[in-house]
Amino acid sequence: MRTPAMLRWAAALAVLLAVAAPAAGFYLPGVAPSDFAKGDPLPVKVNKLTSIKTQLPYTYYSLPFCKPDTIVDSAENLGEVLRGDRIENSPYVFKMGEPKMCQIVCRAPITEKEAKELKEKIEDEYRVNMILDNLPLVVPVTRQDKNSIAYQGGYHVGAKGLYSGTKDEKYFIHNHLSFTVKYHKDDNLEHSRIVGFEVNPHSVKHQVDDKWNGVDTRLSTCDPHASKFVINSDSPQEVEVGKEIIFTYDVRFEESEIKWASRWDTYLLMTDDQIHWFSIVNSLMIVLFLSGMVAMIMLRTLYRDISRYNQLETQEEAQEETGWKLVHGDVFRPPTYSDLLCVYVGTGVQFFGMLVVTMIFAVLGFLSPSNRGGLMTAMLLVWVLMGLLAGYSSSRLYKMFKGSEWKKITLQTAFLFPGVAFVIFFILNALIWGEKSSGAVPFTTMFALVLLWFGISVPLVFVGSYLGFKKPAMEPPVKTNKIPRQIPEQAWYMNPLFTILIGGVLPFGAVFIELFFILTSIWLHQFYYIFGFLFLVFVILIITCAEITIVLCYFQLCSEDYMWWWRSYLTSGSSALYLFLYAGFYFFTKLQITKLVSGILYFGYMLLASYAFFVLTGTIGFCACFWFTRLIYSSVKID
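What you see is a predicted model; the values in this text were computed from it and never measured.

## Remarks on helix α11 (residues 443-470)
Between its terminal C-alpha atoms α11 stretches 39 Å, which fits the 40 Å expected from 28 residues at 1.5 Å a residue. Roughly 30° is the biggest bend found in α11, and it falls at Ser457, with proline Pro459 one to four residues downstream.

Right, here's the structure in full:
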């Protein structure tokens, strides 16, 4: 049912990427502001119910809320479906500039099953998300330590409380919503534009004044004719089996100085960003300083070594030398499991290309939060297209290792990482489906993902592999001996496990502060849009992975250990281990997840993210070390 919409979106994005010129705009090109005249209808849409305690979204109409005559799904892209977004129409219809007071939506009797579901959602602190003119609904909250207003996305389904003089905890539903629509009107324009959508929820036990007459019924608890409005919730509406709940709402319009181009600033600045900025800048400065020191030490040491080796006059002097030059005949010997190394390097190049392209478009403003699901959709599409680079990279390295079965290495490149990721995703999706959550990816979307994988990604991997294998093999700068050289006994600090674990600390240190905000945006349902800093952190990560791997590889070669291929990959790739451990620390210190399924989902997705991070950082370290070894061994005279 959703597949045609996804394909249309993918085609539109492909055309956009092909023809769009670089722009510095803040919003996705093509998203134009909507102008509204007085009396124009403002349809309110409802989105999923979300909770940071369960991480399982549900559709709005899974609870006994008022329904329109016909429920219509809005067009969804692939990213929205994967995020669990279900955007539908609602019975709330505003008219521009026309306030409403105590408007009755419906009266809903509560069955035993519905009462149980409402209590469960209130217990798990679920929030209701709505959308007006592409703006999410927010609840203004006064901060305790400051004289300022913070905004929380969506309003709680209800709250728990006690009646005075009782000890039994009751569940109360928010059945009266006081909406505030903020609009901006230029002096040069007759129309207005929506710049804010706020709500104050209340729980009110409504009383019918005379008899029930549908939406025209007069209420004694809320009557605009008698100037009796809902200001507080002195008599809340309890969730009880067999009782009826009357849903009402108010709408008021407030003119704002905020312009349409800046209306998302409220949402993007929901958290205290001072700590964010200073922490990131401090972390980057430290990492840049360390990277600069490492680079200076390496350049000066290598320059001195190469100069000394090239000035040796006799063979006897050369034999007396120790260090990295002595292993020149073995340093380019193919490693064990060389096929697997080629596959992982190709996949890492695919990841690298995807992240670079996606971040560039995000920094330019093409992937604004106003385009829901756009970031995830773009990442999937770019990943598929980058299969060309994956096949090319793996086959080039495979041919250098004297491999001849290029089809075998191509199949492994096309199926290893995507296959593992798909299996994990399928298992987690089955758990979500078992919880009857809207976050479960439907069969049509699964089919679309498989179609992208087998129909586009796999053929592109084969094309790239064919092109890479046709090119001449990369020749090492020195010849490889037929008999392997014996590796001398190594010092304890050069133990492979020790150096690999040490090597992952610095790359993780470059990203862990930014990682905190990324995890917060994902698991605490906050917006993340500081892509400029994220791109800077990504550059620092690349530099750090490259330099720490080069340093440790140099020390390894100086100790006459020439088995550097896999160790260079694992050195920077071990930062993924620290990422997963930090994810566990974040789970136990920042999240309030108590359900087993939610915990499995968290660690399942973080395991998948850590695996991807391992492939990315490992490839960066390997490529830097590969370039480094070729450079130094081509710079010395080998007799």
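## Details of the confidence of the model for the chain
Close reading of the predicted structure is inappropriate where its pLDDT is low. Of the residues in the chain, 84% have a pLDDT of 70 or more, and the chain-wide mean is 81. For the chain, per-element mean pLDDT is lowest for helix α1 (residues 3-19), which scores 38, and highest for helix α16 (residues 575-590), which scores 93. Ignoring residues within four places in sequence, the model shows residues 1-30, a span with pLDDT below 50, making 51 contacts including any to other chains.

## Things to note about the state of the cysteines
What we call a disulfide is simply a covalent bond connecting the sulfur atoms of a pair of cysteines. All told, the structure shown has 1 disulfide when counted by the stated rule. There is a disulfide in this structure between Cys66 and Cys106, and the S-S distance comes to 1.9 Å. Residues Cys66 and Cys106 share a disulfide whose torsion about the S-S bond is about -85°; that sign makes it left-handed. You can see Cys66 sitting in the loop between β1 (41-50) and α2 (78-83) and its partner Cys106 sitting in strand β3 (residues 100-109), a full 40 residues away along the chain. Judged by its relative accessible area of 5%, Cys66 is buried.

## So, the environment of Thr589
Considering the arrangement of structural elements, one finds Thr589 in helix α16. Within the local environment of Thr589, its side chain forms a polar contact with the backbone oxygen of Phe585, the two atoms lying 2.7 Å apart.

## A short note on the pattern of salt bridges
Tallied over the entire structure, the rule returns 11 salt bridges. The residue Glu123 makes a salt bridge to Lys160 at a minimum N-O spacing of 3.1 Å. Here Lys160 lies in strand β9 (residues 158-162) and Glu123 lies in helix α3 (residues 112-123), a separation of 37 residues in the sequence. For Glu169, the salt bridge goes to Lys160, with nearest N and O atoms at 3.9 Å. Exposure remark for Lys160: the relative accessible area of 36% places this residue in the partly exposed category. Salt bridges sharing partners connect three or more residues here, namely Glu123, Lys160 and Glu169.

## Some thoughts on helix α9 (residues 387-400)
The end-to-end C-alpha distance of α9 is 20 Å, a good match for the 20 Å that 14 residues give at a rise of 1.5 Å each. Taking burial as the measure, the 14 residues of α9 include 10 buried ones, the bulk of the element. Those residues of α9 that fall on the buried side of the exposure criterion are Gly387, Ala390, Gly391, Ser393, Ser394, Ser395, Arg396, Leu397, Tyr398 and Met400. Those residues of α9 hidden inside the fold are in contact with α7 (338-363), α8 (374-385), α10 (406-434), α11, α15 (565-573) and α17 (596-633). Of the residues flanking the end of α9, it is Lys402, one or two places downstream, whose phi is positive at about 65°.

## Observations regarding empty space enclosed by the protein
Using the criterion set out here, one finds 3 cavities of 30 Å³ or more in the structure. As for the largest cavity, its lining consists of Met494, Thr499, Thr549, Leu552, Cys553, Gln556, Trp564, Arg567, Ser568, Thr571 and Cys625. When contributions to the lining of the largest cavity are tallied by element, the ones reaching two or more residues are α14 (531-558) and α15. In terms of residues, the lining of the largest cavity owes the most to one element, α14, which gives 4 residues. For the lining of the largest cavity, the class distribution of residues is 5 nonpolar, 5 polar and 1 charged. Roughly 50 Å³ of volume is contained in the second largest cavity. Lining the second largest cavity are Tyr60, Phe65, Cys66, Tyr92, Tyr155, His174, Asn175, Leu177, Phe247 and Thr248. Among the residues forming the lining of the second largest cavity, the class breakdown is 7 nonpolar, 3 polar and no charged.

## Observations concerning the packing of aromatic side chains
Summed over the entire model, instances satisfying the criterion amount to 53 aromatic pairs. Consider the rings of Phe94 and Phe179, whose centres lie 5.3 Å apart with planes at 55°: the pair is tilted. Here Phe94, found in strand β2 (residues 88-95), pairs with Phe179, found in strand β11 (residues 176-184); they are 85 residues apart in sequence, far enough to count as distant. The residues Phe94 and Phe179 share a single accessibility class, namely buried. Centre to centre, the rings of Phe179 and Tyr249 are 6.2 Å apart; their planes meet at 70°, and the pair counts as edge-to-face. Here Phe179 is found in strand β11, whereas its partner Tyr249 is found in strand β13 (residues 244-255), with 70 residues between them in sequence. Lying over the aromatic face of Phe469, Lys399 brings its terminal NZ or CZ to 5.2 Å of the ring centre.

## Quick look at the nonpolar core
Within the largest apolar cluster, 93 residues are counted, with the highest numbers of intra-cluster contacts made by Trp564, Trp565, Tyr569 and Phe622. Ranked by residues supplied to this core, first place goes to α17 with 17 residues. Contacts of Phe622, omitting those with residues within four sequence positions, involve Leu341, Val345, Leu397, Trp564, Trp565, Ser568 and Tyr569. Tyr126, Val139, Val199 and Tyr267 belong to the second-largest nonpolar core, a separate cluster that totals 53 residues.

## Observations regarding a negative patch on the surface
On the surface, a cluster of negative charge is made up of Asp186, Asp187, Glu255 and Glu257. Note that Asp187 resides in the loop between β11 and β12 (193-202).

## Focus: the environment of Arg396
Position of Arg396 relative to the elements: it lies in helix α9. For the pair Arg396 and Ala473, spaced 77 residues apart in sequence, the C-alpha to C-alpha distance is 6.9 Å. With residues near it in sequence (within four places) discarded, Arg396 still touches Gly468, Lys471, Pro472, Ala473 and Met474.

## A closer look at the packing of α7 against α17
α17 packs onto α7 with a crossing angle of 100° between their chain directions and a minimal axis gap of 8 Å. When the axis of α7 is compared with that of α17, the two are roughly perpendicular. For the pair α7 and α17, contact is made by Leu341, Tyr344, Val345, Thr347, Gly348, Val349, Phe351, Phe352 and Leu355 and by Tyr611, Ala612, Val615, Leu616, Thr619, Ile620 and Phe622, respectively. Of the residues contributing to the contact of α7 with α17, the split by class is 13 nonpolar, 3 polar and no charged.

Reading guide: rules and limits
- Residues numbered from 1 in each chain as written.
- Predicted model: local features only at pLDDT ≥ 70, side-chain atom pairs only at ≥ 80, totals over all residues.
- Heavy atoms only, no water.
- Helix = DSSP H or I, 4+ residues; strand = E, 2+ residues; numbered from the N terminus.
- Expected span 1.5 Å × (residues − 1).
- Bend = angle between axes of the 7 residues up to and from the residue.
- pLDDT = per-residue confidence, 0-100.
- Contact = heavy atoms within 4.5 Å.
- Disulfide = S-S within 2.5 Å.
- Buried < 20%, exposed > 50% of the residue type's maximum accessible area, 1.4 Å probe, protein only.
- Polar contact = N/O pair within 3.5 Å; in protein donor to acceptor, adjacent residues only side chain to side chain.
- Salt bridge = Lys/Arg side-chain N within 4 Å of Asp/Glu carboxyl O.
- 1 Å grid on protein atoms, 1.4 Å probe; cavity = no way out; pocket = protein on both sides within 12 Å on 5 of 7 lines; lining within 4 Å.
- Points joined across faces, edges and corners; volume = space filled by probe spheres on them.
- Nonpolar A, V, L, I, M, F, W, Y, C, P; charged D, E, K, R; others polar.
- Phe/Tyr/Trp six-rings, centres within 6.5 Å; stacked < 30°, edge-to-face > 60°.
- Lys NZ or Arg CZ within 6 Å of the ring centre and 35° of its normal.
- Core = buried A, V, L, I, M, F, W, Y, C linked by side-chain atoms within 4.5 Å.
- Patch = residues over 30% accessible without salt bridge, like charges linked within 9 Å, V, L, I, M, F, W, Y side chains within 5 Å.
- Areas by Shrake-Rupley, 256 points an atom, 1.4 Å probe, with all protein chains shown as cover.
- Lys, Arg positive; Asp, Glu negative; His and termini not counted.
- Charge placed at Lys NZ, Arg CZ, Asp CG, Glu CD.
- Axes fitted to C-alpha atoms, helices over the stretch in contact; angles between N-to-C directions.
- Parallel < 35°, antiparallel > 145°, perpendicular 65-115°, else oblique.

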